[in-house]
Amino acid sequence: MPFQESAARETRPRGPTIGARWPLLLALAVLTGACSLLAESALSDKPSEGGTDAASTGGGCAPDCPEGACCGGTCVALGNDRENCGACGNACGDGESCCGGSCTNVLNDPSHCGACGAPCMHTLCVGGHCSSECVFGFDNCDGNVVTNGCEIDLTSDPQRCGGCSLRCASGAICRAGKCGCAPPLLDCDDLYDTGCEIDGSSDPANCGGCGITCGPNMTCQAGVCGCDPGYADCNGSPDDGCEATLGTEADCRSCGDACASGMICDRGGGCTCAGGRLDCDGAPGCESVALDPANCGACDARCTPEKPYCDGGACTAACAEGLATCGNSCVDTQVSPFHCGACGVAAGPHQRCDRGELVCDEGFADCDPAAPGCESDLARNPQHCGGCGVACKPGAVCVSGACACGGLTPHDCGTACRACCSDEDCSDGDGCTTDVCADDGATCRSTGCADGEKCCSLVACRQCCTSDDCGGGEICSGGACIPPCAGGLVACEGACVSLTSTDHCGACGNACLSGRDCRGGECTPAWAPMAKLGAPASRQMAAATWIGNALFVWGGRTMAGDVDDGALYDPARDTWSPLGQLGAPSRRVLAAAAWTGSGVIVWGGGSFASLLGLSTGGVYDPAARTWRAMSTTNAPLARRMPIAVWTGTRLLIWGGSAGGAPVAGGGLYNPVADTWTPIASAGAAPARDGVAWAWSGTELYLFGGRAGGGTTNEGFAYNPTTDVWRSLPAADAPSARADAFAVWMGDRLLVWGGQDEQGNARKGGAIYDPAADAWRGMDDKGAPSDRSRAERRTGWTGWTGARALIAGGRNGVTLRQDGKLYDPMAGWGATMSAAGKQHGFGVGVWTGTELILWSGLEGTALVPDGERFRP
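Residues numbered from 1 in each chain as written. Predicted model: local features only at pLDDT ≥ 70, side-chain atom pairs only at ≥ 80, totals over all residues. Heavy atoms only, no water.

(A) Inspection of the overall build of the protein at higher detail. Secondary structure assignment for the protein yields 3 helices and 80 strands. Over its C-alpha trace the protein gives a radius of gyration of 40 Å, far above what one expects of a compact globule, namely 29 Å for 871 residues. Based on the C-alpha atoms only, the size of the protein along its principal axes is roughly 145 × 100 × 70 Å. Across the 871 residues that make up the protein, the buried fraction comes to 41%. In the protein, once contacts between residues fewer than 6 apart in sequence are set aside, the share between residues at least 24 apart is 34%. Accessible surface computed for the protein: about 41,800 Å², of which carbon and sulfur atoms make up 53%. (Helix = DSSP H or I, 4+ residues; strand = E, 2+ residues; numbered from the N terminus. Rg over C-alpha atoms; globule rule 2.2 N^0.38 Å. Buried < 20%, exposed > 50% of the residue type's maximum accessible area, 1.4 Å probe, protein only. Contact = heavy atoms within 4.5 Å. Areas by Shrake-Rupley, 256 points an atom, 1.4 Å probe, with all protein chains shown as cover.)

So this is what it looks like as structure tokens:
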């Protein structure tokens, strides 16, 4: 162990021994003490202010003695002095050592096991030796406790959250050993493949939580349902949402702001007197009529016997031509609400006089002839919704003249709106509950794990989550309690396996896949060929992506021209299977592809014979082997080679080219609703080509590229959840460049290589830390040769979980076929040997463990070859 080696190499004294020099040292000490006493007597005429404290910095310590380390006149190492551990006079107890300024027992301290500075790798320290038992919160998931200890943090690792076999769904995070969606994302369908598929900040059907439905006339903003402008929730019922239309006599400026008799609502000023009405008594409402001779056109303006008639504005001796005499009032029966068409015919509620006939106000109807006026509110009345006799189905409400399912009955089940139509409508995103639709759709009911089972990380019900849940000396593996494995075997997913097998080579679950053997705990050879039998025709510029267990390839250009076919490649079996073509998008090259967890979205691209782009695409279902078209409403502008990433709930499209020029902007596509939403333009990255990009899981990072005739070192990050752009700092950023490599390394962004403004390939780069919002340089010792990427032509990247892969690329006209691995802790290391072919404009996809290269150009000729590299 390191501490033993340190002890063995302790420096031996040179020259005379201490014993031989003792008389000389004693004489010097006596002389030195005498001189000190004489000097103190001569120079001091008062008592020492420092006293005689043993911790004083005086007493013979050299000036360079660290502050606080002069103890009793001796400069000590506070980090390892047992009598002065961390501070003068702080003595360690019996059996304790001073390690790093703290007293500890090296017999059981995992941070200092057996000696100071000898840590255990998340295992317990027993008797001064690291044991095979993990400390709380960590587990030995790869079976290599000797090599790397208990390597997995079960409290924060989304791949093994709360247990080695408990992987959080796409987009989920691990907190305190439980899977959960990063706010505001939600998992409402309880399907692992779709992950956190809902944006709870804006989804009106799951606003702030699964199943929280915003009612009619409501919008979900920041996870809270709120009324749309011009509407209000005046009855307090969540079922009909914001049912009240503001600006009416019943709710003028707010709920309950009702206009009194004779008044109308003016949206700007509130309630005011209706035409021909006056408020003469000061009480609420406008009780007086301007045609009244007692208040002719104004309060208390009385007509005289000489001019007994009132025309609404002034007293007159006789009514003018065209006005009818109704009592002492001169009336236009074409518009008067008091004498409509004839004297004494008054308008009722929600009625007005139009050309001598009583008509209903907009949005109201006379559906009950026995009731006065137009009594039915067609915008709200579920029995007369939008028209007399138009009744809404049970459970529905009438909103703005249309029937809609209410907030408490949000699901349209055909004959009625109900709380649920099927069990799927009741999913709460908790993998440990069984959710069913009960009582004929009236309610959802959930039941938890069965007796004897435990809820593990909200992912699934298991017999055990950790070994603490097992008894009788058994251990937990794959959610099941099993006996400890015999010598040479390790527990893996509920079984005892050998780490020399091709399915668990060197670590649990580390499958070598086809074409490799396991030797010495490593899969070999690094490169494995791909089968040609059953493969699609050789092609270039195809759309490709990894779908979790297979490589998806579609479209591109073969020797026969542009195509609309493709295939899936299974590296575990080294087999190809054709894609279904029913409903596939039109033939094209340079389209983008992304895996959602349940389907592949293909979008954009264009014809090989043209520089123009397309704004169409399709969604492929591998299970059903069918395609469906995507909506083009609000889709981004047509483009080729767009950047496409799956955010967990949406397809994010940005950039690309059209007509030979770069295109800016993009959009977010919701495959569930089949809708597009434009992304924000404020603070957005400008149009550019040759941009380096990487997806972090929450943000799309863009760096460099060509803009305005030159290269740039500007960087941007876009968050699709908040729809906000931000600029990356310029300080210590890589120099201006285009076509650089970019890799997201778990928590940091690596940018390396590229081309300068003159087109010269270069090396060098930097690492961006979003937590600190800062760049730092990187050592290029052992880096790959100068090179740059060429989008969709050459240059591939990957992240193994510990190392970044930089592969391929070009230097001038020379295409590189080799690569290097970069360790954030140790720098550039292992080399990727050269691929067998150039694969120019071919398929290049990182699977998480392998780089798959297939077809493309070797020089100017299409090749059918494929190969897989495993670091």
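Once the structure has been displayed, the description carries forward.
(B) Geometry of the side chain of Thr847. By the element assignment, Thr847 lies in the loop between β76 (843-846) and β77 (851-854). Side-chain polar atoms of Thr847 contact the backbone nitrogen of Thr849, separated by 3.2 Å. Not counting chain neighbours up to four residues away, the residues in contact with Thr847 comprise Trp546 and Ile852. (Polar contact = N/O pair within 3.5 Å; in protein donor to acceptor, adjacent residues only side chain to side chain.)

(C) The arrangement of the sheet that holds strand β67 (residues 749-755) in detail. With antiparallel pairing, the 4 strands of this open sheet are ordered in space as β66-β67-β68-β69. The open sheet has two edge strands, β66 (741-744) and β69 (774-777), and neither has a second partner. Between one strand axis and the next, the sheet turns through 25° on average, direction left out of account. As paired elements, β66 and β67 share 4 bridges and run antiparallel to each other. Bridge pairing links Ala742 to Val751 in β67. (Pairing = 2+ DSSP bridges. Axes fitted to C-alpha atoms, helices over the stretch in contact; angles between N-to-C directions.)

(D) Quick look at the sheet that holds strand β74 (residues 819-823). In spatial order, the strands read β70-β71-β74-β75; together these 4 strands make up an open sheet with antiparallel pairing. In the strand order of this sheet, the two ends are held by β70 (796-799) and β75 (827-832), each with one partner. Neighbour-to-neighbour, the strand axes of the sheet open up by a mean angle of 20°, direction not taken into account. Sheet topology note: the strand β71 (residues 804-807)/β74 ladder contains 4 bridges and is antiparallel. Note that in β74 the partner of Leu805 across the bridge is Leu821.

(E) Summary view of the environment of Asp189. Positionally, Asp189 belongs in the loop between β11 (185-186) and β12 (198-199). When its relative accessible area of 24% is taken as the criterion, Asp189 is described as partly exposed.

(F) Molecular detail of the layout of surface pockets. If you add up the space inside the second largest pocket, you get close to 1,200 Å³. If you go around the second largest pocket, you meet 46 residues; those closest to its centre are Cys188, Asp189, Glu197, Ile198 and Val672. Counting only elements with at least two residues in the lining of the second largest pocket, the list comes to β12, β34 (443-447), β52 (617-621) and β53 (626-629). Here the residues of the lining of the second largest pocket are counted per class, giving 19 nonpolar, 15 polar and 12 charged. (1 Å grid on protein atoms, 1.4 Å probe; cavity = no way out; pocket = protein on both sides within 12 Å on 5 of 7 lines; lining within 4 Å. Points joined across faces, edges and corners; volume = space filled by probe spheres on them. Nonpolar A, V, L, I, M, F, W, Y, C, P; charged D, E, K, R; others polar.)

(G) Inspection of the environment of Asp517 at higher detail. Residue position: Asp517 is located in strand β41 (residues 517-519). It is 9.6 Å that separates the C-alpha atoms of Asp517 and Asp503, two residues lying 14 residues apart in sequence.

(H) Fine view of the pattern of salt bridges. Summed over all chains, the structure comprises 24 salt bridges. Across the pair Asp251 and Arg380 runs a salt bridge, and its minimum N-O distance is 3.8 Å. Of this pair, Asp251 sits in the loop between β16 (244-245) and β17 (263-266) while Arg380 sits in the loop between β28 (376-377) and β29 (396-399), and the two are 129 residues apart along the sequence. Look at Asp251 and you get buried, because its relative accessible area is 7%. Across the pair Asp674 and Arg628 runs a salt bridge whose closest N-O atoms are separated by 3.8 Å. Of the two residues, Asp674 sits in the loop between β58 (666-670) and β59 (675-678) while Arg628 sits in strand β53, which places them 46 residues apart along the sequence. (Salt bridge = Lys/Arg side-chain N within 4 Å of Asp/Glu carboxyl O.)

(I) View of the packing of aromatic side chains. Following the criterion strictly, the structure yields 18 aromatic pairs and no others. When the ring of Tyr620 is compared with that of Trp627, the centres are 5.0 Å apart and the planes differ by 50°; the resulting orientation is tilted. What makes Trp627 buried here is its relative accessible area of 8%. Note on Tyr768 and Trp775: the rings are 5.4 Å apart at their centroids and 50° apart in plane angle, and the pair reads as tilted. Just as Tyr768 is buried, Trp775 falls in that class too. These aromatic residues form a ring-pair network of at least three members: Tyr701, Phe703, Trp744, Tyr768 and Trp775. (Phe/Tyr/Trp six-rings, centres within 6.5 Å; stacked < 30°, edge-to-face > 60°.)

(J) Local environment of the state of the cysteines. Following the criterion strictly, the structure yields 42 disulfides and no others. Paired through a disulfide, Cys99 and Cys116 show a sulfur-sulfur distance of 1.9 Å. When the S-S torsion is -75°, as for the bridge of Cys99 with Cys116, the disulfide is left-handed. Here Cys116 lies in the loop between β4 (102-104) and β5 (123-126) and Cys99 lies in strand β3 (residues 97-99), a separation of 17 residues in the sequence. (Disulfide = S-S within 2.5 Å.)

(K) Summary view of the environment of Cys385. Positionally, Cys385 belongs in the loop between β28 and β29. For Cys385, a relative accessible area of 4% puts it in the buried group. The residues touching Cys385, leaving out its near neighbours within four places in the chain, are Leu378, Val390, Cys392, Cys398, Val399, Gly401, Ala402 and Cys403.

(L) Representation of the pairing of β76 in the model. Sheet topology note: the β76/β77 ladder contains 4 bridges and is antiparallel. The residue of β77 that forms the bridge with Val845 is Ile852. In this antiparallel pair of consecutive strands, β76 and β77, the connection spans 4 residues, and Gly848 shows a positive phi of 115°.

(M) Looking closely at unusual backbone geometry. Residue Pro184 is bonded to the preceding Pro183 through a cis peptide linkage, with omega at 5°. Of note, Pro184 is situated in the loop between β10 (178-181) and β11. Following Thr524, the chain continues into Pro525 via a peptide bond in cis, with omega recorded as 5°. Among the secondary structure elements, Pro525 is positioned in the loop between β42 (522-524) and β43 (527-529). Phi is positive for Asp574, which is not a glycine, with a value near 55°.

(N) Fine view of the pairing of strand β48 (residues 566-570). In terms of residue burial, β48 counts as a mostly covered element, since 5 of its 5 residues are buried. Covered by surrounding structure in β48 are Gly566, Leu568 and Asp570 together with Ala567 and Tyr569, the residues of both alternating faces. Judged from the 4 bridges that link them, strand β45 (residues 551-554) and β48 form a sheet pairing that is antiparallel. Bridge pairing in β48 links Val553 to Ala567. Of the pairings in the sheet, the one linking β48 to strand β49 (residues 575-578) comprises 4 bridges and is antiparallel in character. Counted as the bridge partner of Ala567 is Pro578 from β49. Connecting β48 to the antiparallel partner β49 that follows it, the hairpin turn spans 4 residues, and Asp574 within it adopts a positive phi of roughly 55°.

(O) Representation of the side chain of Asn719 in the model. Within the secondary structure, Asn719 sits in strand β64 (residues 715-719). Residue class for Asn719 comes out buried when judged on its relative accessible area of 19%. In this structure the side chain of Asn719 is engaged in a polar contact, spanning 3.2 Å, whose partner is the backbone nitrogen of Thr722.

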